[in-house]
Amino acid sequence: MESSSSSSPEIFPLVLGGLLLVCNIAFTTFTLWVVFRKRAENHEQAQDAAGKEEDAANGTGEDGKGKDERFGGMGSKRSSWVFGRIASKRASSAATFAPKLNNIQEDDAAEVIEETMIKEEEAILSWKELSCSYPSKRSGEPNITTLSNVTGHIRYQELVAIMGGSGGGKSTLMDILSGRKTLGNLSGEMSVLGTEMSPSSMDCKNILRDVAAYVPQNEQFFPNQTPEEAVEFAANLKLGRDERGDHVRKSRVREMLDLVGIPVKARTRSIGGTLAGGVVLRGLSGGERKRLALACAFAMKPKLIFLDEITSGLDSENAVVVIDLVKKLCVNTNVAAVVVIHQPSYEVFSHFDRLVMLCKGKCVFSDKLDCIPSFYDEIGRAFPEKYLLPADLLKAASEWKPDPQRVQPNELIKSCGKKALEDIKGRKKPTLGLQFRTVLVRHVMNHYIRNVTNLFARVLIYGLSAVLLGLVFWKIGESPDGQDLQLFQAEAVFGAGLFLTQILFLLPFAQISTFFFDKNLFASESSIGLYPAWIYSLTQVVLETWVMSLCALLQSAIAIPMMSLWNMSISKSASFFTMFSVFCVGGVVGNSIVLLTSILSFSQDFAFLLGSANIVVFLAMSGGFVPYPYMESWIVWLQWISPIKYSFQAFTWSLLSGTSTAELLDQLELNTPPNVSLNLVILVGIFCFCSACSVVALSRQKEVR
């Protein structure tokens with residue numbers, strides 16, 4: 001065919017391609033700045049560690065102290081047990097931890113003075129007749145009750161244990177007290193820091209989220225995140241930026257890590273664990289991970305802290321170390337802690353001040369440990385040897401039967417601390433910009449920079465795929481003397497373009513494991529109100545757009561020259577940027593579909609199954625394999641829901657628009673919409689729809705325990 005006269009390129013694809021390229025360069029520069037800053041901080045921390053080691057070698061540093069002295073005598077033998085031990089333990093722990101805590105709290109003098117005016121005998125949290133039930137799945141049957149008329153309270157500086165057999169209601173009570181319970185019919189009364197409220201009200205849940213911290217049984221960390229970054233992340237999202245400067249926050253973070261005994265050398269190394277995809281990284285031990293979780297919780301300055309099976313997975317020595325650390329932190333920071341624990345050893349049990357024992361949703365015992373002998377007298381059971389007490393309590397609870405004549409507490413004990421609650425409410429909240437930047441930096445460092453398989457391997461695979469297709473379809477779009485493509489040649493080029501389009505929607509499936517990891521991590525962090533769902537979704541949009549623009553740029557730079565995919569009616573630069581924008585937008589849409597599929601699916605296997613089924617339908621209706629004129633009218637309408645159709649059409653229009661071969665687009669009914677710009681607009685609309693659905697679906701995700 002004769003060469004067509006030159007025509008003007010479409011403006012929108014060129015502007016979009018240029019904008020994506022500029023944003024790519026800007027974000028790459030930002031990422032490099034973050035990387036170099038992190039390396040400088042790690043170098044500074046390494047020098048600090050070397051200095052402390054030198055001091056320890058000279059006998060002047062804190063690291064030179066023995067284990068028992070560093071942890072406040074955790075390994076010392078205890079001569080007393082439950083009765084009469086509380087005052088002496090509080091005095092000794094206060095004396096041991098005072099210097100470090102003074103360093104951490106020296107800038108919060110007003111808050112500390114206010115808290116010392118509150119007596120430790122006063123309640124910080126109380127509840128009366130808490131109950132929780134669920135509607136039966138079978139009509140006509142009564143509701144299923146998991147908690148029934150539980151009453152109790154917690155005082156300042158107390159370490160409280162919630163014990164009971166499996167199905168006793170421990171987790172239900174913990175979720176209600178921590179404001180995390182979102183399902184079920186809740187009833188009863190609660191009093192938190194001098195404010196009475198209903199446990200089912202949003203005010204109650206919001207107040208508890210503000211004043212409390214929660215440590216799950218399986219602590220969630222990025223495996224390649226450092227301990228210092230984890231604590232700083234929690235503090236920044238809960239307390240906002242320190243107005244005195246970032247150096248103050250970093251200093252407080254390091255002091256908190258000192259307090260929980262995380263070695264200086266380990267603070268700039270990976271926490272360890274299993275990366276999304278199955279790669280295992282070595283890092284902190286089980287006990288160190290538990291202590292790091294405590295540091296993250298206490299760094300948020302809570303008044304209440306809830307710990308779910310904090311000793312699970314630990315040996316007996318580490319379990320005592322962790323519980324002793326919790327006890328000392330409670331006493332010295334004027335915080336109350338609640339621990340769900342199944343069957344502790346006596347050494348662990350002796351650290352608790354108060355016990356709430358549950359059996360089949362009912363309260364068996366709720367009082368100080370000093371009152372346990374009276375409980376045994378009441379039920380007519382012989383008091384066991386002290387080392388057998390925890391196990392015997394569980395056995396007594398399983399055999400317990402409600403006594404109709406037993407007098408139950410029927411008053412809600414008033415809690416105190418309204419001034420502390422007002423101070424917490426008056427804290428300057430982190431701005432949305434700070435929340436977004438904090439989450440963005442964490443994700444870019446741990447998912448893309450430190451995780452080689454998630455960035456460099458993806459870019460490499462896109463590049464190799466483009467090279468392979470370029471070799472298979474070598475110069476397929478080349479025409480002699482710059483003439484327009486012949487019709488048969490254009491049809492062959494369509495096949496090559498369809499393969500390039502498939503890459504944009506198939507390779508994102510490699511991200512399913514990453515999206516599932518993020519979904520579980522978000523459910524854990526959102527339960528304590530660190531950041532909303534749209535922050536995470538926006539972070540994913542920015543990062544995946546950056547990655548896909550890198551991949552699309554590499555794909556365009558390789559495939560277009562190798563296959564000679566030039567539109568002869570416009571300049572090569574305009575043709576390149578038009579094709580680049582098509583590849584980039586198509587890749588981002590493919591990622592958004594995979595993200596939405598991952599959020600909606602209950603398992604990775606189901607996500608692969610659901611996603612692949614969708615892609616099969618989208619490919620079949622793309623118009624590249626079977627032209628629309630050859631499809632039956634009753635099924636051809638499915639083309640309108642296929643994003644691959646619009647990507648493929650955008651590709652064909654960017655290649656043939658303005659040429660004499662463009663009549664082929666009409667013959668194959670690839671002319672709706674009839675230009676590149678409208679196809680890109682529809683793809684952007686699909687992307688926005690998937691992103692909005694992801695935000696809604698993610699906001700409804702709940703932590704599974």
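Structure: see above.
### Notes on the sheet that holds strand S1 (residues 123-134)
The sheet built from four strands is open, its strands ordered S2-S1-S4-S5 with antiparallel pairing. For this open sheet the edge positions go to strand S2 (144-155) and strand S5 (195-197), each flanked by a neighbour on one side alone. Geometrically, the sheet is characterised by an average inter-axis angle of 5° between neighbouring strands, direction not taken into account. As paired strands, S1 and strand S4 (residues 185-192) are joined by seven bridges and run antiparallel to one another. The residue of S4 that forms the bridge with serine 133 is asparagine 185.

### Here's the deal with the environment of isoleucine 503
With respect to the secondary-structure elements, isoleucine 503 resides in helix H17 (residues 487-506). Along the sequence, isoleucine 503 and serine 465 sit 38 residues apart, while their C-alpha atoms lie 8.1 Å from each other. Excluding anything up to four places from it in sequence, isoleucine 503 contacts Tyr462, Ser465, Leu469, Pro508 and Gln555.

### Remarks on the packing of helix H8 (residues 246-260) against helix H9 (residues 286-298)
Running from amino to carboxyl end, H8 crosses H9 at an angle of 140°, the nearest separation of the two axes being 9 Å. Judged by the angle between their axes, H8 and H9 are oblique. Pair H8 / H9 crosses with right-handed handedness. Contact with H8, carried on its side by Met256, Leu257 and Val260, involves Arg291, Leu292, Ala295 and Phe298 of H9 and no other residues of that element.

### Observations concerning unusual backbone geometry
Residues threonine 672 and proline 673 are joined by a peptide bond in cis, for which omega reads 0°. In this structure, proline 673 sits in the loop between helix H23 (663-667) and helix H24 (676-699). A positive phi angle, near 60°, is found at asparagine 334, a position not held by glycine. Note that asparagine 334 resides in the loop between helix H10 (316-333) and strand S10 (336-340). The buried category is assigned to asparagine 334, whose relative accessible area is 8%.

### Examining the side chain of threonine 652
The residue threonine 652 is located in helix H22 (residues 643-656) in this model. Look at threonine 652 and you get buried, because its relative accessible area is 0%. A distance of 2.7 Å separates a polar side-chain atom of threonine 652 from the backbone oxygen of glutamine 649. Residues contacting threonine 652, with those up to four places away along its chain left out, are Phe494, Ser657, Leu665 and Leu670.

### Some points on the pattern of salt bridges
According to the stated counting rule, one finds 19 salt bridges in the structure shown. A salt bridge links glutamate 229 to arginine 450, with the nearest nitrogen and oxygen atoms 2.7 Å apart. Separated by 221 residues along the polypeptide, glutamate 229 in helix H7 (residues 227-239) and arginine 450 in the loop between helix H15 (432-449) and helix H16 (456-472) bring together distant segments of the chain. Of the charged contacts in the structure, one is a salt bridge between lysine 327 and aspartate 353, with a shortest N-O distance of 2.3 Å. Of the two residues, lysine 327 sits in helix H10 while aspartate 353 sits in the loop between helix H11 (346-349) and strand S11 (354-359), which places them 26 residues apart along the sequence. For lysine 327, a relative accessible area of 5% corresponds to the buried category. Taken together, the shared-partner salt bridges in this structure form one network comprising Lys38, Glu229 and Arg450.

Conventions and cut-offs
Residues numbered from 1 in each chain as written. Predicted model: local features only at pLDDT ≥ 70, side-chain atom pairs only at ≥ 80, totals over all residues. Heavy atoms only, no water. Pairing = 2+ DSSP bridges. Helix = DSSP H or I, 4+ residues; strand = E, 2+ residues; numbered from the N terminus. Axes fitted to C-alpha atoms, helices over the stretch in contact; angles between N-to-C directions. Contact = heavy atoms within 4.5 Å. Parallel < 35°, antiparallel > 145°, perpendicular 65-115°, else oblique. Left-handed = near helix turned anticlockwise from the far one by under 90°. Buried < 20%, exposed > 50% of the residue type's maximum accessible area, 1.4 Å probe, protein only. Polar contact = N/O pair within 3.5 Å; in protein donor to acceptor, adjacent residues only side chain to side chain. Salt bridge = Lys/Arg side-chain N within 4 Å of Asp/Glu carboxyl O.

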